[in-house]
2 protein chains.
Amino acid sequence: MSRKAFQRLSLDDRRRSLMEATLVCVAQFGLHGATVRRIAEEADVTAGLVRHYFGSKDEMIRNAYAYLVGQLTARASDSARRTEGDTDLQLRQFLRANVTMPNLSEQKVSLWATFIGRVRYDPQFAEIHREGYREFLNLLEALVEPVLMAHKRPHSAAICKRHAIALNGLIDGLWMEGSLNAGLYSQALLPDILVEASERLLGLPPGSLSKPQTTQEQ
Amino acid sequence: MSRKAFQRLSLDDRRRSLMEATLVCVAQFGLHGATVRRIAEEADVTAGLVRHYFGSKDEMIRNAYAYLVGQLTARASDSARRTEGDTDLQLRQFLRANVTMPNLSEQKVSLWATFIGRVRYDPQFAEIHREGYREFLNLLEALVEPVLMAHKRPHSAAICKRHAIALNGLIDGLWMEGSLNAGLYSQALLPDILVEASERLLGLPPGSLSKPQTTQEQ
DNA sequence: CGTAAAATTATTCAGATGTATAACTACTGG
DNA sequence: CCAGTAGTTATACATCTGAATAATTTTACG
């Protein structure tokens with residue numbers, strides 16, 4: 001009886017593979033149904049590796065959570081950074097990236113919600129959440145401030161923070177609702193709803209973000 | 001050796017008691033840690049009763065979820081209904097009720113998120129979610145329409161729905177962020193942020209909802 | 001080419017979990 | 001006051017779970 005043939009992966013590759021398998025299983029079966037054995041099978045390894053790479057199942061799940069959060073903000077942030085120069089367009093792209101694929105996915109929202117539920121009773125989850133939230137809020141503030149300035153709107157630090165909080169709430173809310181209620185209304189509406197709502201929240205003239213002046217929509 | 005003394009409760013009381021114990025345990029330990037034994041202990045009964053009243057643990061948890069969702073919307077809806085006559089004030093109260101106690105609580109949000117995570121892979125959870133969402137959206141549309149009309153703003157069915165979607169996103173987002181990030185910024189700001197943001201979303205003159213004309217703020 | 005170290009598998013184990021069943025007891029109606 | 005019923009407890013059980021350990025195989029290196 002021969003053992004299963006296997007391949008050695010680099011530390012980073014194996015860890016990533018395991019974290020991704022964890023996310024797949026949590027999304028498919030919930031935290032409850034995501035057993036070490038199932039995750040290992042998804043990653044095409046045996047359960048022992050979890051201990052080897054993460055020490056415990058909980059530690060692996062925490063790492064997977066941080067991995068997910070990082071991915072989500074990175075995608076949105078990249079979208080904005082890709083449009084250097086025009087501050088309006090940067091904010092617009094950042095907003096839209098949060099409510100379009102790949103960030104707008106039922107699986108991602110589902111995962112996020114599952115993990116958020118754990119923030120309350122697991123201090124280490126709380127720490128990961130806090131970190132991720134702060135980073136997202138800072139990103140948003142940094143994008144909002146120049147836009148307000150360009151449009152000659154009040155842009156004190158306090159005002160920017162307040163706007164960032166409201167925008168963040170709007171983003172998260174629409175992101176969730178949009179992903180969870182796919183089918184109830186067209187998801188194509190979401191980016192427009194978000195951008196238009198953001199204009200209003202920031203007190204910008206209608207169309208400032210929807211039809212950037214300096215660049216042509218394609 | 002005497003058995004534990006016990007009291008017979010009516011079917012409704014016992015079921016409610018078990019559902020509330022379920023919510024307490026899920027909030028405290030997550031779906032994973034909320035075992036039948038712990039829930040039974042919280043309700044001060046033995047585990048066998050779960051089978052007797054709900055057939056299975058999963059069925060009990062589903063009932064607890066529906067119970068929670070109903071409670072949340074009922075609280076907000078009641079807040080609005082308590083202010084008959086002034087449509088602006090009704091909308092205002094509805095909005096505020098969603099981001100103030102008792103609805104604004106880390107435990108409620110945590111529970112809600114935990115359950116949402118299950119919507120994706122459990123069709124029966126999806127059904128409960130869909131139902132609750134539709135009800136909330138309808139409530140919101142019914143509140144928004146007269147306000148728009150009174151302020152002579154466009155108020156077609158389509159426009160109302162669009163506004164309701166955005167508002168719902170904003171509410172959920174701020175509700176979550178506010179509950180999860182207690183401490184990062186004052187929760188007292190939330191109702192004001194939400195009301196002000198809603199005015200802007202609906203295109204109402206500043207202060208329409210924050211300082212209702214017919215009634216004096218106290 | 002061979003050898004040691006590290007990665008991976010296979011197996012084992014103690015404990016927890018959901019549920020089924022049997023025994024008991026509080027309430028109800030006569 | 002007494003019996004029957006159903007709510008409730010107590011116990012048993014098969015299964016699963018996370019983790020620990022031992023055995024094996026791949027890879028790196030001299």
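Residues numbered from 1 in each chain as written. Chains lettered and ligands numbered in written order. Predicted model: local features only at pLDDT ≥ 70, side-chain atom pairs only at ≥ 80, totals over all residues.

Participant: Outline the overall build of chain A, listing residues and values.
Facilitator: On a plain count of helices and strands, chain A comes out with 9 helices and 0 strands. Moving toward the C terminus, one meets the helices and strands of chain A in the order α-α-α-α-α-α-α-α-α. Over its C-alpha atoms, taken along the principal directions, chain A stretches across nearly 75 × 35 × 35 Å. By the burial criterion, 45% of the 218 residues in chain A qualify as buried. (Helix = DSSP H or I, 4+ residues; strand = E, 2+ residues; numbered from the N terminus. Buried ≥ 20, exposed ≤ 12 C-beta atoms within 10 Å, placed from the backbone.)

Participant: Tell me what's going on with the protein's contact with DNA strand D, and back it up with residues and numbers.
Facilitator: For DNA strand D, the set of nearby residues contains 27 residues, the closest of which are A:Thr35, A:Ser56, B:Phe6, B:Val45 and B:Gly48. Secondary-structure elements contributing two or more residues to the surface near DNA strand D are helix H2 (36-42), helix H3 (48-54) and helix H4 (57-81) of chain A together with helix H3 (48-54) of chain B. Element by element, the count of residues in the surface near DNA strand D is highest for H3(B), at 3 residues. For the surface near DNA strand D, the class distribution of residues is 9 nonpolar, 8 polar and 10 charged. (Near = placed C-beta within 6 Å. Nonpolar A, V, L, I, M, F, W, Y, C, P; charged D, E, K, R; others polar.)

Participant: Provide a residue-level description of the interface of chain B and chain A, including the pertinent values.
Facilitator: Much of the literature gives interface size as the accessible area that the parts lose upon coming together. Contact with chain B, which involves 37 residues of that partner, is made by 37 residues of chain A. At the level of elements, helix H1 (11-33), helix H6 (106-119), helix H7 (123-150), helix H8 (157-180) and helix H9 (189-202) of chain B are the ones that each hand at least two residues to the side of chain B that touches chain A. The dominant element in the side of chain B that touches chain A, judged by the number of residues it contributes, is H8(B), at 13 residues. (Contact = placed C-beta atoms within 7 Å.)

Participant: Report on the relation of the copies chain B and chain A, specifying residues and quantitative values.
Facilitator: The two copies are related by a screw operation: chain B maps onto chain A through 180 degrees of rotation and 0.0 Å of translation along the axis, at an RMSD of 0.1 Å. A rotation of that kind, with that shift, is consistent with a two-fold axis. Mapped onto chain A, 100% of the interface residues of chain B are again interface residues, and the two copies thus contact each other with one and the same surface. (Least-squares fit on C-alpha atoms with pLDDT ≥ 70 in both.)

Participant: Tell me about the packing of H4(A) against helix H5 (residues 87-98) of chain A, and please be specific about residues and values.
Facilitator: Residues and elements named next belong to chain A. Closest axis-to-axis distance for the H4/H5 pair is 7 Å, and the angle between their directions is 150 degrees. Taken together, the axes of H4 and H5 are roughly antiparallel relative to one another. In this structure, H4 crosses over H5, and the sense of that crossing is right-handed. Side by side, H4 and H5 meet where Arg75, Ala76, Ser79 and Ala80 of the first sit next to Gln90, Gln93, Phe94, Ala97 and Asn98 of the second. (Axes fitted to C-alpha atoms, helices over the stretch in contact; angles between N-to-C directions. Parallel < 35°, antiparallel > 145°, perpendicular 65-115°, else oblique. Left-handed = near helix turned anticlockwise from the far one by under 90°.)

Participant: So what about the environment of B:Leu104? Which residues, and what values?
Facilitator: Here B:Leu104 is to be found in the loop between helix H5 (87-98) and H6. In this view, B:Leu104 contacts B:Val99, B:Trp175, B:Gly178, B:Ser179, B:Gln187 and B:Leu190; residues no more than four positions away in its chain are not counted.

Participant: Please set out the environment of A:Ile171 residue by residue, giving values where relevant.
Facilitator: Checked against the element boundaries, A:Ile171 lands in helix H8 (residues 157-180). In this structure, A:Ile171 is in contact with A:Leu95, A:Asn98, A:Leu194 and B:Gly173, ignoring residues within four places of it in sequence.

Participant: Which residues make up the packing of helix H7 (residues 123-150) of chain A against H8(A), and what values go with them?
Facilitator: Residue and element names in this part refer to chain A. At a minimum axis distance of 9 Å, the contact between H7 and H8 shows a crossing angle of 120 degrees. When the axes of H7 and H8 are compared, the pair comes out oblique. When you trace H7 past H8, the crossing you get is right-handed. Contacts between H7 and H8 involve Phe136, Leu137, Leu140, Glu141, Val144, Glu145 and Leu148 on the former and, on the latter, Cys160, Lys161, His163, Ala164, Leu167 and Asn168.

Participant: Hey, could you go over the environment of A:Tyr121 for me, with residue numbers and the actual values?
Facilitator: When you line up the elements, A:Tyr121 lands in the loop between helix H6 (106-119) and H7. A tally of 16 C-beta atoms within 10 Å means that A:Tyr121 is categorised as partly exposed. Ignoring any residue separated from it by four or fewer positions in sequence, one finds A:Tyr121 in contact with B:Gln28, B:Phe29 and B:Gly30.

Participant: I'd love a proper account of helix H4 (residues 57-81) of chain B, names of residues and values included.
Facilitator: Residues and elements named next belong to chain B. Taking 1.5 Å per residue as the helical rise, H4 with its 25 residues ought to reach 36 Å, and the 36 Å between its terminal C-alpha atoms agrees with that figure. Turning to H4, its buried residues number three or more, namely Met60, Ile61, Arg62, Ala64, Tyr65, Leu68, Val69, Leu72, Ala76 and Ala80. Buried residues along H4 sit in contact with H1, H3, H5, H6 and H7. (Expected span 1.5 Å × (residues − 1).)

Participant: Can you tell me about the nonpolar core, naming the residues and giving the values?
Facilitator: Counting 126 residues, the largest nonpolar core has A:Val144, A:Leu170, A:Leu194, B:Val144, B:Leu170 and B:Leu194 as the members making the most contacts within it. Apart from residues no more than four positions distant in its own chain, A:Leu170 is found in contact with A:Leu194, A:Ala197, A:Ser198, A:Leu201, B:Gly169, B:Leu170 and B:Gly173. (Core = buried A, V, L, I, M, F, W, Y, C linked by C-beta atoms within 7 Å.)

Participant: Describe unusual backbone geometry, with residues and values.
Facilitator: Omega for the bond connecting A:Met101 with A:Pro102 falls within 30 degrees of zero, at 0 degrees, which places this linkage in the cis form. Although it is not a glycine, A:Lys152 sits at a positive phi angle of roughly 55 degrees. For A:Lys152, the location among the structural elements is in the loop between H7 and H8. The backbone of B:Asp44 shows a phi angle near 60 degrees, a positive value even though the residue is not glycine. Mapped onto the secondary structure, B:Asp44 falls in the loop between helix H2 (36-42) and H3. Given 11 C-beta atoms within a 10 Å radius, B:Asp44 is considered exposed.

Participant: Pulling in residues and values, what's your account of the confidence of the model for chain A?
Facilitator: Counting all residues, the mean pLDDT for chain A is 90, and 94% of those residues have values of 70 or more. Below a pLDDT of 50 lies the segment residues 214-218 of chain A, which in the model reaches 4 contacts outside its immediate sequence neighbourhood of four places, other chains included. (pLDDT = per-residue confidence, 0-100.)

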